[in-house]
Amino acid sequence: MDAAIQTQGQEQGQEPGWRGRARFVILDTGFGQGEHFLATLAAWRADPRRAGRLHYLALAAEPVDAAALPDALRAQWPPAVPGWQRMLLDDGRVTLDLMAGPAAASLAQIEARVDAFRLAGPALSATALARLAQPGATLTAVELDAARRGELARVGFVFATAAPQACFAGRQPQPAAAAPQERHAIVIGAGVAGAAACERLAARGWRVTLVERHAQPAQEASGNLAGIFMPLLSRDDNPASRLGRAAYLYALRHWQNLGGVGAAFAGARCGVLQLARDPAHAALQRQIAAAGQPPEYARWLEPAEAGGLLGAPAPDGAWLFEQGGWARPSSVCAAMLAACGAALEQIFSTGVLDLLRVDGLWQVRGAGGVVIASAPTVILANGCGATALEQAAGLPLLAVRGQVTHLAEGSLAQPPLVVCREAYMTPPSDGIVCVGATYDADAGRGLRADSQRENLAKIASILGLPPLEAPLAGRTGFRCVAPDRLPLVGALPDARAAGRCERLRDVPRWPGLYGLLGYASRGLIWAPLAAELLAAQLDGEPLPLEANLAAALDPARFLLKDLRRR
């Protein structure tokens with residue numbers, strides 16, 4: 001065991017610092033090609049008294065040669081895109097957070113409590129390192145000159161010898177929110193948001209009670225026969241694009257861990273062809289393509305190649321997302337709930353009418369004030385239904401009607417991949433092709449001829465066909481949409497107690513009440529990462545997203561904006 005590994009948590013000659021820990025967090029400021037991570041992982045696996053969980057934060061300023069990685073890691077390795085990617089190994093006992101991009105920028109966005117630092121590569125802010133350090137955290141440096149030692153010493157790292165190793169003796173960092181002593185959560189809503197929450201909490205050892213008003217899971221927006229999964233690209237790489245990239249790639253890895261698309265649940269990674277709308281839109285997409293995208297992640301196709309895949313003219317070109325495809329949300333929900341095992345209790349055909357906090361527990365109550373379940377933690381994952389509860393009534397969520405048209409297989413010629421532009425069309429499954437979906441501002445649940453005509457007109461335009469007709473068939477669901485089109489993930493704000501607030505951390509929250517809401521039309525890919533983010537917040541773990549991106553999803557962002565305006 002080399003010195004850098006032997007001193008993870010203690011100076012040389014002492015026991016590795018992960019022994020006796022429930023979780024041990026390492027920050028490596030220079031991941032390189034992963035040599036130190038692999039050596040640390042081998043040492044951790046070989047130690048019978050290792051920590052329960054190993055969490056490795058890796059700053060990666062340069063691309064990693066995935067071909068040189070072990071099979072288990074290479075199978076999960078993401079394309080060389082910017083941003084953060086969370087990978088799980090050893091049945092979730094080992095977490096690797098790869099933070100691709102400039103190291104200083106990534107360091108500033110970390111929310112974690114670090115037990116051991118490995119400094120490699122360019123010097124980074126000593127203050128930023130100290131912000132993350134647990135009292136007693138150790139530091140090992142590949143190289144360390146006198147000036148750098150002085151900087152680290154001034155922020156609290158104590159060097160006992162001339163060796164490049166130190167122990168942090170600075171002040172206690174601001175504590176992360178502690179998980180309740182009773183790790184029991186009630187999840188309200190059994191769509192993709194709720195099912196993912198159940199699975200991510202159960203994987204961490206939580207006991208979960210799922211409450212659903214319908215007789216079975218996935219009866220609202222998650223009940224559509226097919227949802228498509230693909231990333232979202234933008235020229236300015238805005239929060240929606242950054243979230244979409246992280247969530248899409250995390251979902252692919254997560255589904256693989258569940259057993260795989262088309263195996264653990266219905267669907268196919270058949271590829272998605274997203275056509276440009278017009279010449280101006282195509283010009284913008286070419287600018288994005290010129291900035292560089294790994295071809296396995298996103299590949300721009302000029303008209304001839306795009307038309308060849310479409311089987312029809314594609315005069316403005318298209319993006320091809322080779323790893324994208326479609327999945328049946330209800331079967332994804334079933335797979336996630338099945339993965340919970342005995343940790344999950346499911347209560348169906350039971351509507352929740354109100355919540356009451358009594359002696360540190362939330363009582364989830366139904367008709368007549370009957371207590372359905374009680375726990376320290378409640379997670380609202382029931383879309384716009386959450387606003388019927390007093391505690392979430394102020395959230396600005398809007399229900400948007402979406403009608404999907406079902407066509408019989410063979411009723412029109414189509415390519416063997418998902419096609420989308422103003423509408424989408426999936427390959428046939430169980431004899432049905434899905435086309436949709438409308439964005440309507442009304443609350444009508446029945447199928448409507450005008451919505452069907454709209455779907456058919458859009459897909460006929462995409463395929464270069466004359467107007468289509470088909471028997472009225474399909475399904476209507478309601479998306480839950482926030483004003484900024486981003487989901488709500490985290491602790492719910494308590495507007496009653498809100499006074500003057502300048503920052504999100506100043507906004508008062510309902511104790512033990514959280515939301516996974518506002519998934520719009522991207523719930524299929526947002527759900528796994530959003531649930532992972534919330535579970536990490538609940539357990540005080542390092543977050544899987546940059547701090548500013550997690551803040552962009554905070555349910556209190558709307559209340560804070562209103563308070564500032566006042």
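Bear in mind the structure is a predicted one, so any value in this text is a computation, not a measurement.

Conventions and cut-offs
Just so you know, the residues in each chain are numbered from 1, in the order the chain's sequence is written. At least 70 in pLDDT is required for a residue's local features to be given in this predicted model, at least 80 for side-chain atom pairs to be given and counted, and no such filter applies to totals for whole chains, interfaces and linings, which use all residues. Note that the side-chain values use all heavy atoms of the structure and ignore hydrogens as well as water. Helix and strand labels come from DSSP, where a helix needs a run of H or I of at least four residues and a strand needs a run of E of at least two; each type is numbered from the N terminus. The atom set for the radius of gyration is the C-alpha atoms, and the globule formula is 2.2 Å times the number of residues raised to the power 0.38. Only protein chains enter the accessibility calculation, which uses a 1.4 Å probe; a residue whose area is less than 20% of its type maximum is buried, one above 50% is exposed, and one in between is partly exposed. Exposure was quantified through the Shrake-Rupley algorithm and a 1.4 Å probe, taking into account, for residues, occlusion by the shown protein chains and nothing else. Neither His nor the chain ends contribute to the count of charged residues, in which Lys and Arg are positive and Asp and Glu negative. Every charge is mapped onto a representative atom, which is NZ of Lys, CZ of Arg, CG of Asp or CD of Glu. Multiplying one less than the number of residues by 1.5 Å gives the expected span of a helix. Under the pairing criterion, centres of Phe, Tyr and Trp rings, with the six-membered ring standing for Trp, must be within 6.5 Å; the plane angle then separates stacked pairs below 30 degrees from edge-to-face pairs above 60, leaving the rest tilted. Two strands are said to pair when DSSP picks up at least two bridges between them. Only heavy atoms matter for contacts: two residues are in contact if any of them lie within 4.5 Å across the pair. To obtain each axis, a line is fitted to C-alpha atoms, and for helices this fit is confined to the stretch in contact; angles are then taken between N-to-C directions over 0 to 180 degrees. Each angle is binned into one of four classes, with values under 35 degrees roughly parallel, values over 145 roughly antiparallel, values of 65 to 115 roughly perpendicular, and all other values oblique. By convention the crossing between two helices is left-handed if the near helix lies anticlockwise of the far one by an angle smaller than a right angle, and right-handed if it lies clockwise. By the convention adopted, Pro, Cys, Tyr, Trp, Phe, Met, Ile, Leu, Val and Ala count as nonpolar, Lys, Arg, Asp and Glu as charged, and the other residues, Gly among them, as polar. Take the buried Ala, Val, Leu, Ile, Met, Phe, Trp, Tyr and Cys residues and link them wherever side-chain atoms come within 4.5 Å; each set so joined is a nonpolar core. Any pair of N or O atoms that falls within 3.5 Å is considered a polar contact. Within protein, one atom must be able to donate a hydrogen and the other to accept it, and sequence-neighbouring residues count only if both atoms are side-chain atoms.

Student: It is not clear to me how the overall build of the protein should be interpreted in this structure. Could you clarify?
Tutor: Helix and strand content of the protein: 15 helices and 28 strands. Since a compact globule built from 566 residues should have a radius of gyration of about 24 Å, the 25 Å found for the protein is in line with a globular shape. Seen along its three principal axes, the alpha-carbon backbone of the protein occupies a region of about 80 × 65 × 50 Å. By residue count, 54% of the 566 residues in the protein fall in the buried class. Accessible surface for the protein amounts to roughly 23100 Å². Of this, 53% is attributable to carbon and sulfur atoms. Across the protein, 53 positive and 51 negative side-chain charges occur, with their mean positions spaced 4 Å apart.

Student: Help me understand helix H13 (residues 523-539) in this model?
Tutor: It helps to recall that an α-helix has 3.6 residues per turn; residues three or four apart then point in one direction. Between its first and last C-alpha, H13 extends 23 Å over 17 residues, near the 24 Å set by a 1.5 Å rise per residue. In terms of burial, H13 is largely enclosed, as 16 of its 17 residues are buried. Where H13 terminates, the next one or two residues include Gly 540, which has phi positive at roughly 65°.

Student: How should I be thinking about the packing of aromatic side chains in this particular structure?
Tutor: For any pair of aromatic rings, the description consists of the separation of the ring centres together with the inter-plane angle of the planes. Taken as a whole, this structure holds 13 aromatic pairs when the rule is applied. With centroids separated by 6.2 Å and ring planes inclined at 15°, the aromatic side chains of Phe 31 and Trp 77 adopt a geometry described as stacked. Taken together, the positions of Phe 31 in the loop between strand E1 (23-28) and helix H2 (35-46) and Trp 77 in the loop between helix H3 (71-74) and strand E3 (83-89) put the pair 46 residues apart, joining distant regions of the chain. With respect to class, Phe 31 is no different from Trp 77; both count as buried. Ring geometry for Trp 300 versus Trp 319: centroids 5.5 Å apart, planes at 70°, classification edge-to-face. Here Trp 319 lies in strand E15 (residues 318-321) and Trp 300 lies in strand E14 (residues 299-301), a separation of 19 residues in the sequence.

Student: Would you mind going over the pairing of strand E28 (residues 509-517) with me for this structure?
Tutor: For a regular strand, side chains alternate in direction, first toward one face of the sheet and then toward the other. In terms of burial, E28 is a largely internal element, 7 of the 9 residues being buried. Here strand E21 (residues 377-380) pairs with E28 via 3 bridges, running parallel. Residue pairing in the sheet places Ile 379 in a bridge with Tyr 514 of E28.

Student: Looking at this model, I keep getting lost on the side chain of Asp 28. Mind explaining?
Tutor: In this structure, Asp 28 sits in strand E1. Contacts of Asp 28, omitting those with residues within four sequence positions, involve His 36, Tyr 56, Leu 57, Ala 58, Leu 59 and Arg 118.

Student: How do you make sense of the sheet that holds strand E19 (residues 361-365) when you look at a structure like this?
Tutor: What links the strands of a sheet is backbone hydrogen bonding, and the strands pair in either a parallel or an antiparallel sense. Taken in spatial order, the 3 strands make up an open sheet running E18-E19-E20, and their pairing is antiparallel. Looking at which strands have only one partner, the edges of the open sheet turn out to be strand E18 (354-358) and strand E20 (371-375). Mean inter-strand twist for the sheet, computed between neighbouring axes without regard to direction, equals 25°. Bridge analysis of E19 against E20 gives 4 bridges, and the strand direction is antiparallel.

Student: Could you clarify how one ought to interpret the packing of helix H8 (residues 239-258) against helix H11 (residues 329-339) in this entry?
Tutor: In a packed pair of helices, the relevant descriptors are the angle between the two axes and the axis-to-axis distance. The contact between H8 and H11 brings their axes to 11 Å, and the two run at 60°. With respect to their mutual orientation, H8 and H11 come out oblique. In this structure, H8 meets H11 at a crossing whose hand is left-handed. Between H8 and H11, the contacting residues are His 254, Trp 255 and Leu 258 on the first element and Val 332, Ala 335, Met 336 and Ala 339 on the second. Of the residues assigned to the contact of H8 with H11, the class counts are 6 nonpolar, 1 polar and no charged.

Student: What should I look at first to understand the nonpolar core in this one?
Tutor: Across soluble globular proteins, nonpolar side chains show a tendency to be buried alongside one another. Counting 80 residues, the largest nonpolar core has Trp 255 and Leu 516 as the members making the most contacts within it. Top contributing element to this core by residue count: H13, with 12 residues. Excluding residues within four positions of it along the chain, Leu 516 makes contact with Ala 193, Ala 197, Ile 379, Leu 380, Ala 381, Leu 488, Val 489, Ala 530, Ala 531 and Leu 534. Among the nonpolar cores identified, the runner-up in size contains 28 residues, and Ala 103, Ala 130, Leu 132 and Ala 137 belong to it.

Student: What is the right way to look at the side chain of Thr 29 in this model?
Tutor: Mapped onto the secondary structure, Thr 29 falls in the loop between E1 and H2. Classification of Thr 29 by relative accessible area gives buried; the value is 6%. At 2.9 Å, the side chain of Thr 29 forms a polar contact with the backbone nitrogen of Ala 120. Not counting chain neighbours up to four residues away, the residues in contact with Thr 29 comprise Leu 59, Ala 103, Arg 118, Leu 119, Ala 120, Leu 124 and Leu 129.

Student: What exactly am I supposed to notice about the packing of helix H7 (residues 192-202) against H13 here?
Tutor: The interhelical angle for the contact between H7 and H13, taken along N-to-C directions, is 40°, at an axis separation of 8 Å. It follows that H7 is oblique to H13 by the angle criterion. The chirality of how H7 crosses H13 is right-handed. Mapping the contact onto sequence places Val 192, Ala 193, Ala 196, Ala 197, Arg 200 and Leu 201 in H7 and Gly 523, Leu 524, Ala 527, Pro 528, Ala 531, Glu 532, Ala 535 and Leu 538 in H13. Each residue belonging to the contact of H7 with H13 can be placed in one class, and the counts come to 11 nonpolar, 1 polar and 2 charged.

Student: Help me out: how do you make sense of the sheet that holds strand E12 (residues 267-268) in this one?
Tutor: The 3 strands are arranged E11-E16-E12 in an open sheet whose pairing can be described as antiparallel. Every interior strand has two partners, whereas the edge strands, strand E11 (227-229) and E12, have only one. Of the pairings in the sheet, the one linking E11 to strand E16 (residues 325-327) comprises 3 bridges and is antiparallel in character. The residue of E16 that forms the bridge with Phe 229 is Gly 325.

Student: What am I meant to see in the pairing of E3 here?
Tutor: Within E3, 7 of the 7 residues are buried, which leaves the element mostly enclosed by the surrounding structure. Burial of the side chains of E3 extends over both faces: Gly 83, Gln 85, Met 87 and Leu 89 are buried on one face and Trp 84, Arg 86 and Leu 88 on the other. Taken together, the 7 bridges between E3 and strand E4 (residues 94-100) define a ladder with antiparallel strand orientation. Considered in E4, the bridge of Arg 86 is made with Asp 97. Hairpin geometry of E3 and E4 is characterised by an intervening segment of 4 residues between the two adjacent antiparallel strands and by a positive phi of about 50° at Asp 90.

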